[in-house]
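# Structural overview for review
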Amino acid sequence: MTFYIEPIKLRNWNLFDKVKGPGHVEPFLATRDMQLDDIVMLHVDKQDPAHESGIYAYGTVIYGPYLLTDSPNDYCNNKLTVDIRIDRIEYEEPMLTHEQCKRYTGQYRTVHAIANSFNGNLKMALGID
């Protein structure tokens, strides 16, 4: 299993409005290396003053990667996509703050893998068995 971080811009796709709870499935941008059962952490940026920047949700890749087509209203249309089942979401406080995320990555522009050496730390920080 590999952990990925996916930056979320609330202006483009409001995680807090769209996801009503665990089990919600949504397409997200993918990398070619993503596989079933990989974990994708959703990092909300600082665009919304009501929310501190950080990881508010994570989910499991349940389908893909594939090229999403015929969805002109979806941000992922005509892009490499995976379907992610949200496993946990927090609406008030991030599970990992932006400062804590800096231990694992310094890049928040595109979806990318986190080094496998951090898997144990991330599982513990996110409460994944």
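See above for the structure.
These numbers were taken from a predicted model, which means no experiment stands behind them.

### Some details on the packing of aromatic side chains
Pairs of aromatic rings are described using the distance from one ring centre to the other and the angle between the two planes. In the structure shown here, the tally under the stated rule is five aromatic pairs. Relative to Phe28, the ring of Trp13 has its centre 5.2 Å away and its plane inclined at 80°; by these criteria the two rings are edge-to-face. Taken together, the positions of Trp13 in the loop between β1 (3-8) and α1 (15-18) and Phe28 in strand β2 (residues 25-29) put the pair 15 residues apart, joining distant regions of the chain. We classify Phe28 as buried; its relative accessible area is 5%. Relative to Tyr66, the ring of Tyr63 has its centre 5.1 Å away and its plane inclined at 55°; by these criteria the two rings are tilted.

### Digging into the side chain of Thr60
For Thr60, the location among the structural elements is in strand β4 (residues 54-67). Setting aside residues no more than four positions away along its own chain, Thr60 makes contact with Asp37, Asp38, Ile39, Asp83, Ile84, Arg85 and Asp87.

### Structural notes on the layout of surface pockets
The computed volume of the largest pocket comes to approximately 390 Å³. Within the residue set of the lining of the largest pocket, elements represented by two or more residues are β1 and β2. Here the lining of the largest pocket takes four residues from β2, the largest share from any one element. Here the residues of the lining of the largest pocket are counted per class, giving nine nonpolar, three polar and six charged.

### Side note on the environment of Lys9
The topology assignment puts Lys9 in the loop between β1 and α1. A residue is classified by how much of its surface remains accessible, and Lys9, at 38% relative accessible area, is partly exposed. Linking Lys9 and Phe118, residues 109 residues apart in sequence, is a C-alpha distance of 25 Å. Aside from chain neighbours lying at most four places away, what touches Lys9 is Asp45 and Gln47.

### What about the pattern of salt bridges?
Applying the stated criterion across every chain yields a total of four salt bridges. For Arg85, the salt bridge goes to Asp87, with nearest N and O atoms at 2.9 Å. A residue is classified by how much of its surface remains accessible, and Arg85, at 32% relative accessible area, is partly exposed. According to the relative accessible area criterion, Asp87 is partly exposed, its value standing at 25%. Among the salt bridges present, the one from Arg88 reaches Glu90, with a minimum N-O distance of 3.1 Å.

### Side note on helix α3 (residues 119-126)
For α3, the complete set of buried residues consists of Asn119, Leu122 and Leu126. Along the axis of α3, the buried positions cluster into a sector of 65°, meaning they face one direction only. On its buried side, α3 packs onto β1, β3 (39-44), β4, β5 (80-89) and β6 (96-97). Just past α3, the residue Gly127 takes up positive phi, approximately 75°.

Quick notes on the rules
- Residues numbered from 1 in each chain as written.
- Predicted model: local features only at pLDDT ≥ 70, side-chain atom pairs only at ≥ 80, totals over all residues.
- Heavy atoms only, no water.
- Phe/Tyr/Trp six-rings, centres within 6.5 Å; stacked < 30°, edge-to-face > 60°.
- Helix = DSSP H or I, 4+ residues; strand = E, 2+ residues; numbered from the N terminus.
- Buried < 20%, exposed > 50% of the residue type's maximum accessible area, 1.4 Å probe, protein only.
- Contact = heavy atoms within 4.5 Å.
- 1 Å grid on protein atoms, 1.4 Å probe; cavity = no way out; pocket = protein on both sides within 12 Å on 5 of 7 lines; lining within 4 Å.
- Points joined across faces, edges and corners; volume = space filled by probe spheres on them.
- Nonpolar A, V, L, I, M, F, W, Y, C, P; charged D, E, K, R; others polar.
- Salt bridge = Lys/Arg side-chain N within 4 Å of Asp/Glu carboxyl O.
- Arc of directions from axis to C-beta.

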